[in-house]
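Residue-level structure breakdown
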Amino acid sequence: LQLKPQRPKNFPPGPPSLPVLGNLWNLNMKNPLKDFERLRQSYGNIYSLFLGLKPAVVISEFKAMKEAMVIKAADFAGRPQNILITNLTNNKGVILVDYGSLWRDHRRFALMTLRNFGLGKKSMEERIHEEIQHIIKPLDDNIGKTLSPQFLFHNAASNIICKVLFGTRYEYEDETIKIIVRCFTEIIKIANGPWAMIYDSFPLIRPLRLPYNKTFQNMEIFLNIARRLVNEHKKSRVPGEPRDFVDCYLDEVDKRGDDATFSEEQLTRMTFDLYAAGTDTTSNTLLSGFLYLMTYPHIQERCQQEIDRVLQGHDKVSFEDRHNMPYMQAVIHEIQRIANIVPLSVFHCTTKDTELMGYSIPQGTMIIQNLTSVLREEGQWKFPHEFNPENFLNEQGEFIKPEAFMPFSAGSRVCLGESLARMELFLITVTLLRKFKFVWPEDAGEPDFTPVFGATLTPKPYFMTIQLRENQ
Ligand code: HEM
């Protein structure tokens, strides 16, 4: 057993490591983002670390990111398989499963289904619009008052994905949804923190009653809810007439006959993954967005002018309208760029021995994408360090999307929910800005943009004053 990790030949450089701990001592586990940046300045855009005894390579800036994720996509498309995650996911689902046919077939199936081909009569857009009405109601009830939008946005994102998956939405006070949210938050907290590394490194303590046991219990609670919903679907479905994602999947199971990779167990795990990936990401982006729109009222007003002009005579916005709204598009993209909601993406792993910018990286090396470095990279953006929609507009005021726009990552593992997320962000932001004006409360001091670090970056809780726009 080698207690002091050694860098293989021609491996990217990095800081000296300690026995057993590796470079964990170089990182503030509560928020390592500043440490990743500091190490980049010392060791360059490709450097290595040891997380305990496991080697990891951190990739920064556009050129290296593109070479790894796009040009050599297959080499970098694995997922590290630590023991807590393997025991938790049972090698099923989609986000954390390794590169291979189960991942590929399920990713393809989910993409097709989410792209509206398979979700039945009601379009994705209609489902989102229905949920928006449930955001508008409490805002309407609070005209002239202040309100914290956290709960509203979170429940809206959660309900949209529940509707897509199960065809159900939950009242904002419903017990089932509260249980789902609680289990999910606790799982992420433990699976992402130091307990996961301890579980991984010290097999003898695994049977002890330590916090990670709670993760397994919470996963079971969520899966039982999902299993119940799947069973209800099995009773009420009409084969070939899917109402939602679960029905589509059950149709696919029928179609594939003996193909055991499409199973009910895999379906329940997949619903967990889609729920987990689609809730906090979208709601935290909305939260950051409205924080910036209140801080820059002239940008909010310019969006509203464009919305009024383009939607004149229409009762609601459609996703197609984005082509006539370059400014709104630029603002939403700029929100995503600056909010940087998933700063380290989801960890990847090399699927074979490969090379990156001249360095050798063996198969099975953990890969950490420093997406922040790309989203703020000097030379890629007109205004890398400030909130400025001009980053996405050309001289004619047309919307342009620079290649370095990577909040969803890039390549084989690029966010599977990107099209749903983009539709949600556009329809929700436009509908709310059309009807209301959002004002930073007078007594709230200065807005604080410092995010709270977790699985995603979350803005600190804040309040907003709701005003009805004059023409509404
Ligand atoms: C993966 C960002 C919304 C489903 C990811 C990754 C990022 C990301 C950075 C990691 C990609 C990689 O490993 O290279 C975001 C952001 C969102 C968002 C910023 C919202 C603004 C959603 C939604 C869904 C979703 C709404 C669900 C429908 C997934 C899935 C994966 C993923 C399933 C794993 C893909 C795979 O491993 O093949 N997302 N996401 N995401 N996202 Fe999203």
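Attention here is on the structure that accompanies the text. (Residues numbered from 1 in each chain as written. Predicted model: local features only at pLDDT ≥ 70, side-chain atom pairs only at ≥ 80, totals over all residues. Heavy atoms only, no water.)

1. Points about the overall build of the protein
Counting secondary structure elements, the protein contains 15 helices and nine strands. In summary, the protein has a C-alpha radius of gyration of 23 Å against a globular reference of 23 Å for 472 residues, a match within 12%. Judged by the C-alpha coordinates and their principal axes, the protein covers about 70 × 55 × 40 Å. Across the 472 residues of the protein, 53% fall into the buried class. Distance between charge centres in the protein, computed from 55 positive and 56 negative side chains, equals 5 Å. (Helix = DSSP H or I, 4+ residues; strand = E, 2+ residues; numbered from the N terminus. Rg over C-alpha atoms; globule rule 2.2 N^0.38 Å. Buried < 20%, exposed > 50% of the residue type's maximum accessible area, 1.4 Å probe, protein only. Lys, Arg positive; Asp, Glu negative; His and termini not counted. Charge placed at Lys NZ, Arg CZ, Asp CG, Glu CD.)

2. Quick look at the site of the ligand
Close contacts around the ligand come from 28 residues, with Arg79, Arg107, His348, Ser409 and Cys415 the closest. Between an oxygen atom of the ligand and a side-chain N or O atom of Arg107, the distance comes to 2.7 Å. Contact between the ligand and Ser409: an oxygen atom at 2.6 Å from a side-chain N or O atom of the residue. Listed by contribution, the elements that provide at least two residues to the shell around the ligand are helix H4 (101–117), helix H11 (264–295) and helix H15 (418–435). Looking at which element gives the most residues to the shell around the ligand, the answer is H11, with six residues. Residues belonging to the shell around the ligand are distributed by class as follows: 15 nonpolar, 10 polar and three charged. (Near = heavy atom within 4 Å. Polar contact = N/O pair within 3.5 Å; in protein donor to acceptor, adjacent residues only side chain to side chain. Nonpolar A, V, L, I, M, F, W, Y, C, P; charged D, E, K, R; others polar.)

3. With respect to the coordination of the iron atom of the ligand
Within the protein, a single donor atom binds the iron atom of the ligand, namely Cys415 (SG) at 2.3 Å. Tracing the sequence through the fold places Cys415 in the loop between helix H14 (371–375) and H15. (Donors = N, O, S within 2.8 Å, 3.2 Å for Na, K, Ca; no water.)

4. Notes on the sheet that holds strand S7 (residues 366–370)
Read across the open sheet, the four strands follow the order S1-S2-S7-S4; overall the sheet is mixed. Either end of the sheet is taken by a strand with one partner, and the two such strands are strand S1 (46–51) and strand S4 (348–349). Of the strand pairs in this sheet, strand S2 (residues 54–60) and S7 are connected by five bridges, and their pairing is parallel. Bridge assignment links Val58 to a residue of S7, and that residue is Ile368. Sheet strands in contact with helix H2 (residues 62–71) are S1, S2, S4 and S7, and its direction is about 120 degrees off that of S2. (Pairing = 2+ DSSP bridges. Contact = heavy atoms within 4.5 Å. Axes fitted to C-alpha atoms, helices over the stretch in contact; angles between N-to-C directions.)

5. Re the pairing of strand S8 (residues 436–439)
Alternating residues of S8 divide into Phe436 and Phe438, all buried, and Lys437 and Val439, none buried. The sheet contact formed by S8 and strand S9 (residues 464–468) spans four bridges and is antiparallel. Looking at the pairing, Phe438 lines up with Ile466 of S9.

6. Let's talk about the side chain of Arg237
Residue placement: Arg237 occurs in the loop between helix H9 (212–236) and helix H10 (245–256). A relative accessible area of 17% means that Arg237 is categorised as buried. Side chain to side chain, Arg237 and Asp254 meet in a polar contact 2.8 Å long. If near-sequence neighbours (up to four positions away) are discounted, Arg237 is found in contact with Arg243, Asp247, Leu250, Asp251 and Asp254.

7. Let's talk about the packing of H9 against H10
Interhelical geometry of H9 versus H10 gives an angle of 65 degrees and a closest axis separation of 10 Å. In terms of orientation, H9 lies roughly perpendicular with respect to H10. H9 and H10 meet at a crossing whose hand is right-handed. Contact residues: Val230, His233 and Lys234 in H9; Val246, Asp247 and Leu250 in H10. Its residues assigned to classes, the contact of H9 with H10 comprises three nonpolar, one polar and two charged. (Parallel < 35°, antiparallel > 145°, perpendicular 65-115°, else oblique. Left-handed = near helix turned anticlockwise from the far one by under 90°.)

8. A word on the side chain of Ser17
Along the chain, Ser17 turns up in the segment before helix H1 (33–43). Ser17 has contacts with Lys4, Pro5, Gly22, Asn23, Trp25 and Phe50, leaving out every residue within four places of it along the chain.

9. Here's the deal with the nonpolar core
Within the largest apolar cluster, 116 residues are counted, with the highest numbers of intra-cluster contacts made by Phe290, Leu432 and Phe438. Examining the composition of this core, we find that 13 residues originate from one element, H11, more than from any other. If near-sequence neighbours (up to four positions away) are discounted, Leu432 is found in contact with Ile135, Ile136, Leu139, Phe153, Phe290 and Phe438. Judged by nonpolar contacts, the second largest core, of 12 residues, contains Phe36, Tyr47, Leu51 and Ile368. (Core = buried A, V, L, I, M, F, W, Y, C linked by side-chain atoms within 4.5 Å.)

10. Concerning the environment of Phe383
Residue placement: Phe383 occurs in the loop between H14 and H15. Look past the residues within four positions of Phe383 in its chain and what remains in contact with it is Arg337, Asn388, Glu390 and Asn391.

11. Digging into empty space enclosed by the protein
Tallied over the entire structure, the rule returns three cavities of 30 Å³ or more. Here the largest cavity is characterised by a volume of approximately 60 Å³. The wall of the largest cavity is formed by Phe319, Arg322, Gln329, Ile332, His333, Gln336, Arg422, Leu425 and Phe426. Mapped by element, the contributors of at least two residues to the lining of the largest cavity are helix H13 (326–339) and H15. Element by element, the count of residues in the lining of the largest cavity is highest for H13, at four residues. (1 Å grid on protein atoms, 1.4 Å probe; cavity = no way out; pocket = protein on both sides within 12 Å on 5 of 7 lines; lining within 4 Å. Points joined across faces, edges and corners; volume = space filled by probe spheres on them.)

Purely geometric numbers; function is a separate question.
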